[in-house]
Amino acid sequence: MLNARNNPRPVYTSQQGNIVGLGYAAPYRWVLTDTKQIVKVAWNAKADAGVWDVEGVPGVKLGLAKGLEAASGELYVVDGDAPHKIFVLRMK
């Protein structure tokens, strides 16, 4: 069984589109939206600290933004269109 912690309101709402992926690398939460934007969120303040267009990265052609993971200073962006590519980007 799941219970909402204290107050069941959202802790963060994206202003760049629907959230399709989420990653965490302290102290930032990284959000991928369906509009192919990556948002760097200062998680302690729940405030956007930067926004980047994935397709603005040279060599990256993302069909359908599908997922995101953060690890070891890199972001792994999943393309939902066949052949289901994973792009690796460096965090700024």
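Throughout, a residue's number is its position along its own chain's written sequence, starting from 1. In view of the model being predicted, local features appear only for residues whose pLDDT reaches at least 70, and side-chain atom pairs are presented and counted only at 80 or more, with totals across whole chains, interfaces and linings using the full set of residues. Side-chain metrics in this entry use all non-hydrogen atoms of the structure; hydrogen atoms and water are not considered.

Account for the side chain of Asp79, with residues named and values stated.
A run of H or I in DSSP becomes a helix once it reaches four residues, and a run of E becomes a strand once it reaches two; helices and strands are each numbered from the N terminus. For Asp79, the location among the structural elements is in strand S6 (residues 74-79). Buried means the residue's accessible area, taken with a 1.4 Å probe over protein chains only, is under 20% of the maximum for its type, while exposed means over 50%, and partly exposed covers the values in between. Residue classification places Asp79 among the buried positions, given a relative accessible area of 2%. Throughout, a contact is declared for two residues whenever any of their heavy atoms are within 4.5 Å. Asp79 has contacts with Lys61, Leu62, Gly63, Leu64, Lys66, His84, Lys85 and Phe87, leaving out every residue within four places of it along the chain.

A description of the packing of aromatic side chains should follow, citing residues and the corresponding values.
Centres within 6.5 Å are what make two rings of Phe, Tyr or Trp a pair, Trp counting through its six-membered ring; a difference in plane orientation under 30 degrees is then read as stacked, over 60 as edge-to-face, and the rest as tilted. Across all of its chains, the model carries two aromatic pairs by this definition. Seen from their ring centres, Tyr12 and Trp43 are 6.2 Å apart, and the 55° between their planes marks the pair as tilted. Placement of the pair is Tyr12 in the segment before strand S1 (19-25) and Trp43 in the loop between strand S3 (37-42) and strand S4 (47-53), with a sequence separation of 31 residues. For the pair Tyr12 and Trp43, one class covers both residues: buried. Lysine NZ or arginine CZ positioned within 6 Å of the ring centre and within 35 degrees of the ring normal marks a charge as sitting over the ring. When the ring centre of Tyr28 is taken as origin, the NZ or CZ atom of Lys40, which lies over that ring, is 4.3 Å away. Lying over the aromatic face of Trp43, Lys46 brings its terminal NZ or CZ to 4.6 Å of the ring centre.

Please give an account of the nonpolar core that cites residues and values.
Soluble globular proteins tend to pack their nonpolar side chains together in the buried interior. The criterion is simple. A nonpolar core is a set of buried Ala, Val, Leu, Ile, Met, Phe, Trp, Tyr and Cys residues joined through side-chain atoms within 4.5 Å. Counting residues in each nonpolar core, the largest one holds 13 residues, and the members touching the most others are Leu32, Ile38, Leu68, Leu75 and Val77. Those elements that place two or more of their residues in this core are strand S2 (28-33), strand S5 (65-71), S6 and strand S7 (86-90). A per-element tally of this core places S5 first, with three residues. Ranked by size, the runner-up nonpolar core spans five residues in total, among them Tyr12, Val31, Val39 and Trp43.

Just give me the short version of the sheet that holds S6, but keep the residues and values in it.
In this description, strands pair whenever DSSP reports at least two bridges between them. Taken in spatial order, the three strands of this open sheet run S5-S6-S7, and their pairing is antiparallel. Of all strands in the sheet, those bounded by a partner on one side alone are S5 and S7. Taking the axes of each pair of neighbouring strands and ignoring which way they run, one obtains an average angle of 20° across the sheet. In the sheet, S5 pairs with S6 via six bridges, with the strands oriented antiparallel. Bridged to Leu68 within S6 is Val77. Axis definition: a line fitted to C-alpha atoms, over the contacting stretch in the case of helices. Angles run 0 to 180 degrees between N-to-C directions.

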